[in-house]
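Reading the structure
As a plain string of letters, each chain reads:
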Amino acid sequence: MPSNQSPLGALPARFRRERVLIVGCGDVGLRVARQLLPRVRLIALSSSPERLPALRAQGLTPLRGDLDRPASLARLAGLATRVLHLAPPPGEQPGGWWRDPRTLALARTLRRRTPPRALVYGSTSGVYGDCGGAWVDETRQVAPRTPRAQRRVDAERLVRHLGRGGVRASILRIPGIYAADREGGTPRERLLKGTPVLEAADDVYTNHIHADDLARACIAALWRGQPQRVYNVNDDSQLLMGDYFDLAADLYSLPRPPRLPRSTAQDALPLVLLSFMSESRRMDNRRLKQALRVSLHYPTVASGLLAGG
């Protein structure tokens, strides 16, 4: 029956517009919001009451909820037509260090009523593990080497399961995010501290994506992502980690970082940093650019380290 003949009349505009729920609405989520407004209604889940006014001021509808308390998520069921899930897994928990209970709680909630048309999950390139500097496309089998990456693999599994229930689910595998206008988005502070990098013989390939390009990829996947498809989301740079920091140092007119052999690096560097220095891969992003028709604004990191997007 046409809407003008329906006893309920035509639906108000707020119900006709797409409703996009952003879960984990940090820096990248806000960049997505700025690119989508005012074309869609944006809802942001937040566990922090202090953030609600700031989210509202950005044009989003804030919704209080905590992925660590599944009962608080009840209002999400049937709420959104599309969901962008950028929330990371929690740290290690007793009885399931490899699991992501947050994604499980979200998936269970979304299945309670009409599910969204599409869901995009922001995963990590760390699920590939160490690839010895080889080129890596999305068909490569995952081989996570850290508990953090194991939990991301579990989250991907849950997203795929949700996709088999009728949601068009896409997974973005994301490397290091950079932007001059992002907190911690450049290596400047690390360069000022003089943190060492590996010498050339031990160096590893590292991958990057500008925060604005990542936001554009998230939007493209929400509308054009293929069901159950994984996309590598990275720029076109092919840099060894040491060369990346040398480039940044030159751009900032700072001293280049000292170089260390791997044999002594474990005595001078924190474990978290060492874990990044133990994995080397070059990510192939052709599927992203061809299937989602995303062209990257920042083909090299140089233009993005100094410009604010």
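Our subject is the structure that appears above.
Before going into details, it helps to say that this report is about the structure given with it. Predicted model only: the values in this text are computed from it and were never measured. (Residues numbered from 1 in each chain as written. Predicted model: local features only at pLDDT ≥ 70, side-chain atom pairs only at ≥ 80, totals over all residues. Heavy atoms only, no water.)

1. Remarks on the sheet that holds strand 7 (residues 168-174)
This is how it is decided: Pairs of strands are assigned from DSSP output, requiring at least two bridges between the strands. Counting from the N terminus, the helices are the DSSP runs of H or I reaching at least four residues and the strands are the DSSP runs of E reaching at least two. Simply put, an axis is a line fit to the C-alpha atoms, just over the touching stretch for a helix, and the angle between two N-to-C directions goes from 0 to 180 degrees. Only heavy atoms matter for contacts: two residues are in contact if any of them lie within 4.5 Å across the pair.
Taken in spatial order, the seven strands make up an open sheet running 3-2-1-4-5-7-12, and their pairing is parallel. Here the strands that pair on one side only, and so sit at the sheet edges, are strand 3 (61-64) and strand 12 (229-232). Strand-to-strand twist across the sheet, computed as the mean angle between neighbouring axes with direction ignored, equals 20°. Examined bridge by bridge, strand 4 (residues 82-85) and strand 5 (residues 118-124) share four bridges and lie parallel to one another. Looking at strand 5, one finds that Leu84 is bridged to Val120. Contacting strand 1 (19-23), strand 4 and strand 5, helix 4 (residues 101-110) runs over the sheet at an angle of about 175° to strand 4. Against the sheet, helix 5 (residues 147-163) engages strand 5, strand 7 and strand 12, with an angle of about 165° to strand 5.

2. Observations concerning the packing of helix 4 against helix 5
Stated precisely, the cut-off is as follows: Orientation is classified from the angle alone, with under 35 degrees giving roughly parallel, over 145 giving roughly antiparallel, 65 to 115 giving roughly perpendicular, and any other angle giving oblique. Under the scheme applied, nonpolar residues are Ala, Val, Leu, Ile, Met, Phe, Trp, Tyr, Cys and Pro; charged residues are Asp, Glu, Lys and Arg; polar residues are all the others, including Gly.
Direction vectors running N to C along helix 4 and helix 5 enclose 10°, while the axes themselves pass 9 Å from each other. One element, helix 4, and the other, helix 5, form an angle in the roughly parallel class. Note on element contacts: helix 5 touches helix 4 through Ala155, Leu158, Val159 and Leu162, opposite Thr103, Leu104, Ala107 and Leu110. Classifying every residue of the contact of helix 4 with helix 5 gives seven nonpolar, one polar and no charged.

3. Considering the pattern of salt bridges
Put simply, the rule reads: What counts as a salt bridge is simple: a side-chain nitrogen of Lys or Arg found within 4 Å of a carboxyl oxygen of Asp or Glu. Think of it in three bands: residues with accessible area under 20% of the maximum for their type are buried, residues over 50% are exposed, and the middle band is partly exposed, with areas taken using a 1.4 Å probe on protein chains only.
Under the definition given, this model contains 21 salt bridges. Put simply, Glu18 and Arg117 hold a salt bridge, and the shortest N to O gap is 2.8 Å. Here Arg117 lies in the loop between helix 4 and strand 5 and Glu18 lies in the loop between helix 1 (13-16) and strand 1, a separation of 99 residues in the sequence. Of the charged contacts, one joins Arg259 and Asp203 as a salt bridge, the two residues approaching to 3.4 Å between their closest N and O atoms. Pair noted here: Arg259 is in strand 14 (residues 259-260) and Asp203 is in the loop between strand 9 (197-198) and strand 10 (205-206), with a separation of 56 residues, a long-range link. Taking relative accessible area as the criterion, Asp203 reaches 13% and is therefore assigned buried. Overlapping salt bridges, with partners in common, bring together Asp203, Asp243, Asp246, Asp250, Arg256 and Arg259 in one network.

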